[in-house]
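Coordinate inspection notes
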Amino acid sequence: MSEAATQITLIGTKLATIGMEFVFNSPSPECETCKLRNTCTNLESGRRYRILGVRGELVHECPIHEAGVRAVEVIESPIIAAIDARKAFAGSKTVLEPPRCDVYDCTMYELCHPVGLKEGDRCTIVEVAGEAPEDCEVGNKLKLVELRR
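What comes next is a walk through the structure. As the structure is a computational prediction, the values presented were derived from the model and not from experiment. All residue numbers refer to position in the chain's written sequence, counted from 1. Reporting of local features is limited, given that this is a predicted model, to residues whose pLDDT is at least 70; pairs of side-chain atoms are given and counted only at 80 or more, and all residues count toward the totals for whole chains, interfaces and linings. Hydrogens and water are ignored here; the side-chain numbers use all heavy atoms of the structure.

Digging into the overall build of the chain
Scanning the chain from terminus to terminus reveals two helices and eight strands. In terms of overall dimensions, the chain has a C-alpha envelope of 50 × 35 × 25 Å along the principal axes. Counting the 149 residues in the chain, one finds 36% classified as buried. Any two residues whose heavy atoms approach within 4.5 Å are treated as being in contact. Summarising the internal contacts of the chain: among those between residues at least 6 apart in sequence, 70% fall at separations of at least 24. Accessible surface for the chain amounts to roughly 9,100 Å². Of this, 49% is attributable to carbon and sulfur atoms. Between the centroid of the 18 positive side chains of the chain and the centroid of its 23 negative side chains there is a distance of 6 Å. Only runs of H or I of at least four residues qualify as helices and only runs of E of at least two qualify as strands under DSSP, and these elements are numbered from the N terminus. Each residue gets one of three labels from its accessible area relative to the maximum for its type: buried under 20%, exposed over 50%, partly exposed in between, using a 1.4 Å probe on protein chains only. Reported accessibility uses the Shrake-Rupley method at a 1.4 Å probe radius. Residues are deemed covered only where the shown protein chains occlude them. None of His or the chain ends enter the tally, which takes Lys and Arg as positive and Asp and Glu as negative. We put the charge of a Lys on NZ, of an Arg on CZ, of an Asp on CG and of a Glu on CD.

Description of the side chain of R47
Tracing the backbone shows R47 in the loop between α1 (37-40) and β3 (48-60). Identification of polar contacts relies on pairs of N or O atoms within 3.5 Å, with a donor-acceptor requirement for protein atoms, meaning one able to donate a hydrogen and the other able to accept it, and with residues adjacent in sequence counted only if both atoms are side-chain atoms. Within polar-contact distance, the side chain of R47 engages the side chain of D121 at 2.4 Å. What R47 contacts, discounting residues up to four positions off in sequence, is F22, V23, F24, E76, G116, L117, K118, D121 and R149.

Observations concerning a negative patch on the surface
For patch building, the residue pool is restricted to those with more than 30% relative accessible area and no salt bridge; the joining distance is 9 Å between like charges and 5 Å between nonpolar side chains (Val, Leu, Ile, Met, Phe, Trp, Tyr). By definition, a salt bridge exists where a carboxyl oxygen of Asp or Glu is found within 4 Å of a side-chain nitrogen of Lys or Arg. Residues D105, E134, D135 and E137 make up a contiguous surface patch of negative charge. Within the secondary structure layout, D105 lies in the loop between β6 (93-95) and α2 (109-112). On the basis of relative accessible area, D105 is assigned to the exposed category, the value being 69%.

Things to note about the sheet that holds strand β4 (residues 69-76)
Pairing between the strands of a sheet comes from backbone hydrogen bonds, and it takes one of two forms, parallel or antiparallel. For two strands to count as paired, DSSP must find a minimum of two bridges between them. Spatially, the four strands line up as an open sheet ordered β1-β4-β3-β2, and their pairing is antiparallel. The open sheet has two edge strands with one neighbour each: β1 (6-12) and β2 (21-23). Ignoring which end each strand starts from, the neighbouring axes of this sheet average 50° apart. In this structure, β3 lies alongside β4, joined through seven bridges in antiparallel fashion. Residue pairing across strands places V54 opposite V72, the latter belonging to β4. Here the axes come from fitting lines to C-alpha atoms, over the contacting stretch only for helices, and the angles between their N-to-C directions go from 0 to 180 degrees.

Some remarks on the pairing of β4
Counting buried positions over the eight residues of β4 gives seven, a clear majority of the element. Relative to β4, β1 is paired through seven bridges, and the arrangement is antiparallel. Each residue of the ladder has a partner; that of I11, found in β4, is R70.

As for the pattern of salt bridges
Tallied over the full model, the rule gives 13 salt bridges. Notably, a salt bridge pairs D121 with R47, separated by 2.4 Å at the nearest N-O pair. With a gap of 74 residues between them, D121 in the loop between α2 and β7 (122-131) and R47 in the loop between α1 and β3 connect regions that are remote in the sequence. Look at D121 and you get buried, because its relative accessible area is 10%. For R47, a relative accessible area of 2% corresponds to the buried category. The partner of K87 in a salt bridge is E97, with the nearest N and O atoms 3.0 Å apart. Highlighted residues: K87 in the loop between β5 (79-84) and β6 and E97 in the loop between β6 and α2, separated in sequence by ten residues. Look at K87 and you get partly exposed, because its relative accessible area is 39%.

Here is the structure:
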C-alpha cells in the first residue's frame with residue numbers, strides 16, 4: 001500500500017500543532033481578496049486532515065485568525081468507520097456505502113456516517129479494528145475498520 005500524499009497549506013498559528021486533526025470547510029468570504037487564498041484553500045472541502053509538521057517560523061497576517069497563519073504539512077487522516085461485516089477485509093478496496101438508517105440519535109450513527117468521507121468514496125481498508133462497540137439498532141451486522149481514501 002502506498003502512503004497518502006502530503007500537502008502544504010496554511011492554518012491558524014494557534015492550531016498549528018503536530019498531530020492535530022481538522023475538517024477543512026469552504027473558505028470564508030474574507031478569503032476572496034487575500035493574496036494567500038490559494039495556499040490556505042488548497043484542501044478538499046469536507047475532508048479530515050492531520051498535521052504532520054510545521055514549516056518554518058514565518059507567520060502571515062490573516063483576516064480570520066487573529067494570531068495569523070503558518071505553513072503546515074498535512075495528510076488526509078485515516079478514518080475509523082463501521083461498515084458491513086461481510087465487506088470488512090484488511091487490504092481490500094471498497095466503496096463507502098453507509099448503511100441506510102434514519103436513527104440519527106443512534107450512538108453508532110457517526111461511525112456509520114464518518115465525517116471526512118462521502119458516500120461513494122473509493123477506500124482501502126487499512127485494518128479491521130474489530131467488532132462494532134454496540135449492536136446496530138436496525139439490525140445491520142457491522143465491523144469497525146480503518147479506511148484511507
